[in-house]
Amino acid sequence: MTPAFAGELFGAGQPLDANKYFIVLPDAIGTGKSSKPSDGLRTKFPKYNYDDMVEAQYRLVTEGLGIRHLRLVLGNSMGGMQTWLWGEKYPDLMDALVPMASQPTPMASRNWMLRRLMTETIRSDPEWNNGDYTTQPRSLRLASVFFGVATSGGTLAYQKMAPTGEKADKFVDERLAAAPLSDANDFLYQWESSRDYDPSAGLERIHAALLAINSADDERNPPETGITERELKRVKNGRLYLIPASEDTRGHATTGMAKFWSQELQQLLQTAPRRPIESAGRQ
């Protein structure tokens, strides 16, 4: 609901005009106000993965809200990864898909290495105490700031923001001084839920018009690997929009600023055909 995202999308005449579309913004399992370890179970909370999150969201939409067809499924980062799964698991449910800041490939390489190092940082901290802490372990803040700087922000943007050692130190000090925004156990579950993410086997099952949106300076999904372009050849109605890198983009966080891609989304919604609704209900 930030100005950079909702402010560019949900207003009158914007691509996802809330006067025109019924917009569903669910908290995934383990995040927000959905069920999560910090509700009381701590490390006894059941393990979950992205497939579980998508199934829960599907049941929320179809069983809870009685919606039988979607014009669009759109997601950013974790939501982008889940959007690929939506298209494969429920190929007839939607007209269009927009996975952003993500790739339709196994969780691996630097993306997984840094996630693993982040969770190991917390688990190796005595203050974590096997999940039975009374105050948040200090490693939570350190791991979160480290991962954020390493995998989001944009190379050119950081160079502009912190061109000297003094400014770089000031940036890090401010990040480390901020209160952690999450609970350590929730944090571990959230990041470890991506471990077995891999939509690569089912890409041919996607029927909806698909627009993948990534940024050229995305640290977690580097375009120079050519992976997304290669895998998109298996998606019948898929194409990629790659946002050029600049001092104004923010690496992995770029897609959180809808001004960079709202026109592409508008074009998709104007051209994607409306597919048949297999059963009666709300749309």
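Structure: above.
We now turn to the structure provided with this report.

### Quick word on the overall build of the protein
Next up, step 1: Each helix and strand in the protein was counted, giving 10 helices and four strands.
Next up, step 2: Put simply, the protein runs from its N terminus to its C terminus through helices and strands in the order α-α-β-α-β-α-α-α-α-α-β-α-β-α.
Next up, step 3: Rg of the C-alpha trace for the protein: 19 Å, near the compact-globule value of 19 Å for 283 residues, within the 12% margin.
Next up, step 4: If you line up the protein on its principal axes, its C-alpha atoms span 55 × 45 × 35 Å.
Next up, step 5: When the 283 residues of the protein are sorted by exposure, 47% land in the buried category.
Next up, step 6: Considering only contacts in the protein between residues 6 or more positions apart, those separated by 24 or more positions represent 78%.
Next up, step 7: With the model as given, the accessible surface of the protein reaches about 14,500 Å², and the carbon-plus-sulfur share is 53%.
Next up, step 8: When the 33 positive and 35 negative side-chain charges of the protein are each reduced to one mean point, those points stand 3 Å apart.

### What to know about unusual backbone geometry
Next up, step 1: Phi at Ser 109 is positive, roughly 55°, even though this residue is not glycine.
Next up, step 2: Checked against the element boundaries, Ser 109 lands in helix α4 (residues 109-123).
Next up, step 3: The phi dihedral of Asn 130 is positive, around 55°, even though this residue is not glycine.
Next up, step 4: Structurally, Asn 130 can be placed in the loop between α4 and α5 (138-151).
Next up, step 5: By relative accessible area, Asn 130 is classed as exposed at 57%.

### Structural notes on the pattern of salt bridges
Next up, step 1: Under the counting rule described, the total for this entry stands at 14 salt bridges.
Next up, step 2: A salt bridge links Arg 138 to Glu 127; the shortest N-O distance between them is 2.2 Å. On the criterion of sequence distance, the pair formed by Arg 138 in helix α5 and Glu 127 in the loop between α4 and α5 is long-range, its members being 11 residues apart.
Next up, step 3: Salt bridges here are not isolated pairs; linked through shared partners, they connect Glu 204, Arg 230, Glu 231 and Arg 234.

### Some remarks on the sheet that holds strand β3 (residues 209-215)
Next up, step 1: Spatial strand order, β1-β2-β3-β4: four strands in an open sheet with parallel pairing. Both edges of this open sheet fall to β1 (70-76) and β4 (238-243), since each of them pairs with a single strand only. Across the sheet, the mean angle from the axis of one strand to that of its neighbour is 15°, orientation sign disregarded.
Next up, step 2: Sheet topology places strand β2 (residues 94-100) next to β3; three bridges connect them, and they run parallel. Its bridge partner lying in β3, Leu 97 is registered against Leu 210.

Rules used throughout
Residues numbered from 1 in each chain as written. Predicted model: local features only at pLDDT ≥ 70, side-chain atom pairs only at ≥ 80, totals over all residues. Heavy atoms only, no water. Helix = DSSP H or I, 4+ residues; strand = E, 2+ residues; numbered from the N terminus. Rg over C-alpha atoms; globule rule 2.2 N^0.38 Å. Buried < 20%, exposed > 50% of the residue type's maximum accessible area, 1.4 Å probe, protein only. Contact = heavy atoms within 4.5 Å. Areas by Shrake-Rupley, 256 points an atom, 1.4 Å probe, with all protein chains shown as cover. Lys, Arg positive; Asp, Glu negative; His and termini not counted. Charge placed at Lys NZ, Arg CZ, Asp CG, Glu CD. Salt bridge = Lys/Arg side-chain N within 4 Å of Asp/Glu carboxyl O. Pairing = 2+ DSSP bridges. Axes fitted to C-alpha atoms, helices over the stretch in contact; angles between N-to-C directions.

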